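# What the coordinates show
Spelled out from the first residue to the last, the chains are:
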Amino acid sequence: MSGTLTVFRKELRGFFFSPIAYIVITTFLLLSGWFFFSTFFLYNQAELRNFFSQLPIIFAFIVPAVTMRLFSEELNSGSFELLSTLPITDFSIVMGKFMAALIFIALMLLPTISYAFSAALLGDLDWGPVFGGYFGALLLAGAYAGIGLLASSLTKNQIVAFIVGMAICFILTIFDRMLIFVPESVLSVFAYLGSTTHFQNISRGIIDTRDLLYFLSIMFLALYATTFVLKEKR
Amino acid sequence: MIEVQGLNKFYGDFQALKELDFTINKGEILGLLGPNGAGKTTTMRILTCFLQPSSGTIKVEKYNIFDHPLVIKKMIGYLPESAPLYGEMLVYDYLSYVAAMRGLDGGLMVRRINELVELCGLKEVVHKAIHELSKGYKQRVGLAHAMMGDPEILVLDEPTSGLDPNQIVEIRQLIKEIGKEKTVVFSTHILSEAEATCDRVVIINRGAIVADGATERLASEFGGGAVVDVTLRSPDAQLVTSELRQVAGVERLEELSDTGENLVKMAIFSNEDDDIRPALYRVIREQGWDLLDFHRRSETLENVFAQLTREN
């Protein structure tokens, strides 16, 4: 457990030592801010629904960029050998890195709370969906971070890790809109697989166990698979 | 203390280790010797629980690498070849990170870091980023990494590679110093290094053990006898060879180089312990050749190594 915390602290600090972190944060704030405010006044509604509805597609690109270096860099430089010969299990390493990525994304989301305050100034903001939205955003970030971490453990090349992670996250994001190609008999199963609907449910402020379970199981599967990949590399 | 039993490792079709069996005793400095690609690094990686063997096992005290990797990792400090550290971290930050991983904190951690900074000579670089350091300093940071948890066993993969001669001497002294209390396993392909630092040597070639024994014993067992190096000036090199070959006790002659100007340089091997120098000298004096160099050396680990690892 203390090993997990040590890895977590080191990785979180590591994010802020590398320029990629600042580039990612800037890109995220620019994109989300633009998507949000460009239509905010057109709707003439004091709500953040538009911000949250864009979040899955933005996260599909941003989150893999956050996680891409976590394992690839270590595999490339060979420092993974040093890390894994320290008294720590692979799963602790994976958890430490995952938590660091998640907290980093949470910190990245923090400035967007100002959108909520801006909206609250201009009209009567319902805070329920806002809290729901942030809660959902963290679950979504966790699921995508898990996938990004898995992609990162598969290759020494950060670019490859980014593209693989992004492709999987992107497919999950647009899955709901692709359901017209799915035969009706299996529709209900496939409808469960897309991430956007689950996220929208939570961000409306309705917390359903089915949606929670969806995100938690993706996180679990991805982290488990990452641990497995690391073990198989030996 | 460490027991290696029937270790095999395959990388695809390639067999990197073949039925490795040896033990390492407590407090011993063991040199793992072999040409490049012999399997030294693979063996060390299995011992440090980084790789899993295809079959066979390693036991450290009563723990084996499959069931108790964490216990073993706690007991072992490891320096991989070329010390792949986190370049962007400061030396001090890196050391405190490793200390935290080893379960040290607070005053204990600060004390241990200061100790190691002193011991490894890192004082001038503690506040520099690791990627700014020279190879020698990186290696020292790696050594500090390995020693952080005050482990019972140190495993060092080519600890002196890429260092300058002064640094090599320093690191060797450090290894000897540590070896007084701890068990040290280190790999090298430099024989004089093994000769100078190890109590025992295991020579590996193509994944199999070809020799295992105390350093001095190996030299005498596989070497046997002595070599006399002779340089002399004579108009007829062939005559020199044929005359000297007839001297009693000479086993074989090896002409080292033909440098021209009637210079003859050769190594004369004898398989007995008797000194053949007087007999050789008598022949040389009778023939009236100018003797330029004449000395005896005993067979070194160098020769043993060459013999054992040659294609056969």
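Residues numbered from 1 in each chain as written. Chains lettered and ligands numbered in written order. Predicted model: local features only at pLDDT ≥ 70, side-chain atom pairs only at ≥ 80, totals over all residues.

### Structural notes on the overall build of chain B
So the rule is basically this: Helix and strand assignments follow DSSP, with helices taken as H or I runs no shorter than four residues and strands as E runs no shorter than two, numbered in order from the N terminus. Backbone-placed C-beta atoms define the burial measure: a residue is buried with 20 or more other C-beta atoms within 10 Å of its own, exposed with 12 or fewer, and partly exposed in between.
Summing up its helical and strand segments, chain B has 11 helices and 14 strands in all. Taken along the three principal axes of its C-alpha coordinates, chain B extends 80 × 45 × 35 Å. Expressed as a percentage of the 312 residues in chain B, the buried residues total 39%.

### Concerning the overall build of chain A
Heads up, the rule is: Radius of gyration: C-alpha atoms only; globule rule: 2.2 Å multiplied by the number of residues to the exponent 0.38. Each residue is represented by a C-beta atom placed from its backbone, and any two residues with such atoms within 7 Å are regarded as in contact.
Within chain A, the regular secondary structure consists of 11 helices and 0 strands. Computed over C-alpha atoms, the radius of gyration of chain A comes to 18 Å, within 12% of the 17 Å expected from 2.2 N^0.38 for 234 residues, which places it in the range of a compact globule. Taken along its principal axes, the extent of the C-alpha atoms in chain A is 55 × 45 × 30 Å. Across the 234 residues of chain A, 43% fall into the buried class. Within chain A, contacts between residues separated by at least 24 positions form 79% of all contacts whose residues are at least 6 apart in sequence.

### Observations concerning the sheet that holds strand β7 (residues 153-157) of chain B
Residue and element names in this part refer to chain B. Our working definition: Only strands that DSSP links by at least two bridges are regarded as paired with each other. To define axes, lines are fitted to C-alpha atoms, for helices over the stretch in contact only, and angles between the resulting N-to-C directions are given on a 0 to 180 degree scale.
Overall, mixed pairing links the 6 strands, which are arranged β6-β7-β8-β3-β9-β10 in an open sheet. Among the strands making up the open sheet, the edge pair consists of β6 (76-79) and β10 (208-214). Each adjacent strand pair in this sheet contributes to an overall mean axis angle of 15°, direction not counted. Relative to β10, strand β9 (residues 200-205) runs antiparallel, the two sharing 6 bridges. Pairing of N205 across the sheet is with A208, part of β10. Of the strands in this sheet, β3 (29-33), β7 and β8 (183-188) are in contact with helix α6 (residues 165-179), which crosses β8 at around 150°.

### Observations regarding the packing of helix α1 (residues 2-17) of chain A against helix α5 (residues 90-109) of chain A
The relative placement of two packed helices comes down to the angle between their axes together with the axis-to-axis distance. Residues and elements named next belong to chain A. Selection criterion: Roughly parallel here means an angle under 35 degrees, roughly antiparallel means over 145, roughly perpendicular means 65 to 115, and every remaining angle is called oblique. Handedness of a helix crossing follows the sense of rotation of the near helix relative to the far helix, less than a right angle counterclockwise being left-handed and clockwise being right-handed. For this scheme, ten residues count as nonpolar: Ala, Val, Leu, Ile, Met, Phe, Trp, Tyr, Cys and Pro. Four count as charged, namely Asp, Glu, Lys and Arg, and the remainder, Gly too, count as polar.
Axis separation between α1 and α5 bottoms out at 8 Å; the angle between their running directions is 40°. With respect to their mutual orientation, α1 and α5 come out oblique. For the crossing formed where α1 meets α5, the hand is right-handed. In contact with G3, T4, V7, F8, E11, L12 and F15 of α1, α5 contributes S92, I93, M95, G96, K97, M99, A100, I103 and F104. Taken together, the residues that form the contact of α1 with α5 break down as 10 nonpolar, 4 polar and 2 charged.

### So, the interface of chain B and chain A
Counting residues at the interface gives 20 residues for chain B and 18 residues for chain A. The set of elements that each furnish at least two residues to the side of chain B that touches chain A consists of α2 (69-75) and α3 (91-101) of chain B. Considered class by class, the residues forming the side of chain B that touches chain A number 12 nonpolar, 4 polar and 4 charged.

### Things to note about the environment of D212 of chain B
Residue and element names in this part refer to chain B. By the element assignment, D212 lies in strand β10. For D212 and G31, which are 181 residues apart along the polypeptide, the C-alpha to C-alpha distance reads 9.9 Å. Filtering out sequence-adjacent residues up to four positions away, D212 remains in contact with F22 and V202.

### Description of the domain arrangement of chain B
Worth spelling out the cut-off: The domain boundaries here were taken from an automatic or database domain assignment.
By the assigned domains, chain B splits into domain 1 (2-221) and domain 2 (224-309). When each unit is reduced to the centre of its C-alpha atoms, the spacing between domain 1 of chain B and domain 2 of chain B is 41 Å.

### Side note on the nonpolar core
The cut-off we apply is this: Nonpolar cores are built from buried Ala, Val, Leu, Ile, Met, Phe, Trp, Tyr and Cys residues. These are joined into a set through C-beta atoms within 7 Å.
Ranked by internal contacts, the top residues of the largest apolar core, which has 137 residues, are A101, I105, L140 and Y144 of chain A together with Y94 of chain B. For L140 of chain A, the residues in contact, after removing those within four places along its chain, are L55, P56, F59, S195, F199 and F215 of chain A. Among the nonpolar cores identified, the runner-up in size contains 11 residues, and V228, V240, L244 and V264 of chain B belong to it.

### Some points on the sheet that holds strand β4 (residues 55-60) of chain B
All names here are of chain B. What the 4 strands build is an open sheet, ordered β2-β1-β4-β5; its pairing is antiparallel. With partners counted over all chains shown, the strands left at the sheet margins are β2 (14-24) and β5 (63-64), one partner each. Bridge count between strand β1 (residues 2-11) and β2: 7 bridges; the pairing is antiparallel. Directly across from I2, in β2, lies its bridge partner I24. Of the strands in this sheet, β1, β2 and β4 touch helix α1 (residues 40-47), which is tilted by about 65° from β2.

### Thoughts on unusual backbone geometry
Residue and element names in this part refer to chain B. Non-glycine residue E19 carries a positive phi angle of around 45°. Its location among the elements puts E19 in strand β2. Taking the C-beta count within 10 Å as the criterion, E19 has 14 such neighbours and is therefore assigned partly exposed.

### Overview of the environment of R296 of chain B
Residues and elements named next belong to chain B. With respect to the element layout, R296 can be found in strand β14 (residues 290-298). Along the backbone, R296 and V227 are 69 residues apart, and their C-alpha atoms lie at a distance of 5.7 Å. Those residues in contact with R296 that lie beyond four places of it in its chain are A226, V228 and R277.

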